[in-house]
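So you can see what is in the structure, the chains are spelled out below.
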Amino acid sequence: MPTIIEAKNLDLWYGQKQALKKINLEIPERQITALIGPSGCGKSTFLRTIDRMNDLVPGVRVEGQMLYAGEDVYSPSVDVTWLRRKIGMVFQKANPFPMSIYDNIAYGPRIHGTRKKSELDEIVEKSLRGAALWDEVKDRLKKSAMGLSGGQQQRLCIARALAVQPDVLLMDESTSALDPGSTMRIEELMRELKKDYTVVIVTHNMQQAARISDRTAFFLLGEMVEVGPTDKIFSTPEDKRTEDYISGRFG
Amino acid sequence: MDHNEHKETRALSSSRRAYDLILRGLLYFCAAVTCLLLVFVIGYIFVRGLPHITWELLSTSPSYIKDTIGILPNIVNTVYLVVVTLIITLPLGVGAAVYLTEYAQNKKLVAAIEFATETLTGIPSIIFGLVGMLFFCQLLGLQASLLAGSLTLVIVTIPTIIRTTQESLKTVPQSYREAALALGSGKWYMIRTVILPSSIDGIVTGCILAIGRIVGESAALLFTAGMGMSMNNFFGSVDNFVHSSGASLTVALYVYARERAEFDVAFAIAAILMILTLVINLAASLVGRKLKKH
């Protein structure tokens with residue numbers, strides 16, 4: 001699989017504190033890559049560096065390169081709007097806007113200039129089908145998205161991210177606030193999604209990483225300790241620290 | 001031993017009970033006095049004012065020939081003040097609040113500006129009147145006019161608008177901002193489509209509070225808006241719009257009570273103002289609650 005995202009010697013500081021140290025990581029296209037590690041290890045920070053959501057944090061500083069499709073996302077010539085359209089993000093807690101289901105999905109396409117109702121209708125249906133939510137909500141598209149259940153809201157957020165036709169989907173512990181049933185549905189959805197999208201997930205749940213990801217990267221104290229095919233990381237890791245973590249000795 | 005200890009605690013509790021009783025009595029007394037004062041003032045104004053509110057009073061201009069008094073011009077002047085002031089103060093205040101909460105990076109500067117707006121709300125409005133008279137009426141050459149009055153009221157009301165809008169903006173969850181930005185939204189687009197609609201309740205509440213302030217303001221208008229009692233034709237010409245002057249309801253109350261000894265009319269106006277205030281406050285809390293639910 002060709003590489004779509006690549007970090008090269010990536011350092012990141014929050015003020016004085018270094019949160020990422022010389023990260024080198026390649027993320028292949030149309031696979032699920034899981035980032036695992038204990039709290040505060042930098043996995044979420046790394047994820048948010050890919051679509052530059054870290055820009056929102058005051059005092060953040062990045063050195064090294066984060067390449068998306070061969071282009072450094074921190075180069076001044078890169079349009080953040082374009083970048084975030086290509087790289088969608090789903091957050092830990094479902095965060096639908098307080099609008100109708102339809103308007104939630106249409107929000108992204110409207111930003112990028114789609115106005116025609118027939119086109120929007122089509123995108124909304126396609127995105128909701130893509131997120132396995134269409135059948136549950138097709139009769140109440142004009143109702144507020146806040147009335148959906150937690151799992152439905154999270155799938156709505158996935159649909160909303162898909163609506164701008166990204167290449168990559170970043171998921172920041174997107175199932176950690178959900179019940180097991182909803183989690184299972186979203187995991188199934190991820191397996192579907194990787195046919196068309198590159199998926200990068202951050203997860204605290206090692207079983208989840210083992211179940212659904214193709215590759216796993218283990219982060220510890222701001223460093224990327226080890227990366228490889230998920231089977232290998234979970235059976236014969238090379239680094240002692242990885243072995244200790246996945247066998248539950250810390251974390 | 002045991003018995004004694006028991007007694008001691010009981011003795012303590014009875015003195016405490018007395019203490020508690022006295023304090024509670026005092027507090028009840030304070031509350032009762034406050035309530036009585038309030039009821040007395042409201043009751044007195046309604047008893048003296050309500051009988052004199054007639055259709056003629058509400059719908060005519062004063063006439064020396066017929067020797068009648070009407071407050072229609074003052075009602076119209078008040079409406080002018082409310083509308084023109086809001087048109088100016090709303091965009092300014094909401095814009096400033098958006099800047100302070102969404103854009104400003106310098107925390108110290110923001111704190112200083114917030115402190116300044118807090119202080120502005122506490123300044124006696126006669127001072128705004130004085131400044132308005134010197135700046136708008138004389139320096140800008142507007143003379144005593146409703147426009148100068150409106151501009152003065154903009155300064156009076158802007159802190160309220162800024163503060164209520166800011167409070168409301170701060171309650172918009174950070175996750176909405178993240179969601180919009182992660183979809184590739186620009187900052188202003190995000191503010192326009194997500195942040196402002198989510199804080200509309202605060203903006204509307206601020207608006208209604210500002211209307212209340214405008215309707216109730218007198219000191220800031222005494223110097224700036226004039227005391228005329230005749231009907232203005234605001235829309236006759238631009239010159240009319242800019243230079244019309246006249247008394248608002250509050251100023252008319254002052255003039256009728258102080259200069260003409262028409263206390264019946266003054267009390268009628270007072271009753272009208274009280275009813276308006278009541279309605280405005282009710283509207284504020286109702287609208288706030290209704291919009292919040294969504």
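Residues numbered from 1 in each chain as written. Chains lettered and ligands numbered in written order. Predicted model: local features only at pLDDT ≥ 70, side-chain atom pairs only at ≥ 80, totals over all residues.

A. Fine view of the pairing of strand β2 (residues 17–28) of chain A. All names here are of chain A. Of the pairings in the sheet, the one linking strand β1 (residues 3–14) to β2 comprises eight bridges and is antiparallel in character. The partner of W13 across the bridge, within β2, is Q18. Hairpin connection between β1 and β2: a loop of two residues separates the two successive antiparallel strands, and G15 in this loop has a positive phi of roughly 60 degrees. (Pairing = 2+ DSSP bridges. Helix = DSSP H or I, 4+ residues; strand = E, 2+ residues; numbered from the N terminus.)

B. Examining the sheet that holds strand β3 (residues 32–36) of chain A more closely. Residues and elements named next belong to chain A. A sheet is described by the order of its strands in space; here six strands give the open sequence β6-β7-β8-β3-β9-β10, paired in mixed fashion. Taken across any chain shown, the strands that pair with only one partner, and hence form the sheet edges, are β6 (87–90) and β10 (223–229). Averaged over neighbouring strand pairs, the angle between their axes works out to 15 degrees when direction is ignored. Pairing of strand β7 (residues 168–172) with strand β8 (residues 198–202), which is carried by five bridges, proceeds in the parallel orientation. Bridging across to β8, V168 finds its partner in T198. Against the sheet, helix α6 (residues 150–162) engages β6 and β7, with an angle of about 170 degrees to β6. (Axes fitted to C-alpha atoms, helices over the stretch in contact; angles between N-to-C directions. Contact = placed C-beta atoms within 7 Å.)

C. Representation of the UniProt feature "transmembrane region" (unreviewed entry) in chain B. Residue and element names in this part refer to chain B. The residues that UniProt annotates with the feature "transmembrane region" (unreviewed entry) are residues 21–47, 79–100, 112–136, 142–162, 237–257 and 263–287. Helix and strand shares over residues 21–47 are 100% and 0% respectively, and the end C-alpha atoms of the span are 37 Å apart. Structurally, residues 79–100 is divided into 100% helix and 0% strand, and its ends, taken at the C-alpha atoms, are 31 Å apart. (UniProt positions renumbered as here; feature names shortened; annotations may be inferred.)

D. Seen up close, the interface of chain B and chain A. Counting from both sides, the interface comprises 14 residues of chain B and, opposite them, 18 residues of chain A. Those elements that provide at least two residues to the side of chain B that touches chain A are α7 (174–182) and α8 (187–198) of chain B. When residues in the side of chain B that touches chain A are grouped by element, the largest group, six residues, is from α7 of chain B. By residue class, the composition of the side of chain B that touches chain A is seven nonpolar, six polar and one charged. (Nonpolar A, V, L, I, M, F, W, Y, C, P; charged D, E, K, R; others polar.)

E. Structural context of the UniProt feature "domain: ABC transmembrane type-1" (unreviewed entry) in chain B. Listed under "domain: ABC transmembrane type-1" (unreviewed entry) in the UniProt record, and renumbered for this structure, are residues 75–284 of chain B. Along residues 75–284 of chain B the backbone is 79% helical and 0% strand, and the end-to-end C-alpha distance reaches 21 Å.

F. The pairing of strand β4 (residues 60–68) of chain A, seen in detail. Residue and element names in this part refer to chain A. The pairing of β1 with β4 spans eight bridges and is classified as antiparallel. Bridge pairing in β4 links L12 to V62. Pairing of β4 with strand β5 (residues 71–72), which is carried by two bridges, proceeds in the antiparallel orientation. Each bridged residue has a counterpart across the sheet, and for Y68 the counterpart in β5 is E71. Following β4, the chain reverses through two residues before pairing antiparallel with β5; A69 in that reversal takes a positive phi of roughly 50 degrees.

G. Just the UniProt feature "domain: ABC transporter" (unreviewed entry) in chain A, in detail. Under the feature "domain: ABC transporter" (unreviewed entry), the UniProt entry names residues 5–246 of chain A. Along residues 5–246 of chain A, the helical share is 38% and the strand share 27%, with 25 Å between the first and last C-alpha atoms.

H. Quick peek at α8 of chain B. Residue and element names in this part refer to chain B. Here α8 contains twelve residues, and its C-alpha end-to-end distance of 15 Å stays within 8% of the 16 Å for a straight helix at 1.5 Å per residue. Those residues of α8 that sit buried are M190, I191, V194, I195 and S198. Looking down the long axis of α8, one finds its buried residues gathered within 125 degrees of arc, a one-sided arrangement. Along its buried surface, α8 packs onto α3 (72–103), α6 (146–170) and α7. (Expected span 1.5 Å × (residues − 1). Buried ≥ 20, exposed ≤ 12 C-beta atoms within 10 Å, placed from the backbone. Arc of directions from axis to C-beta.)

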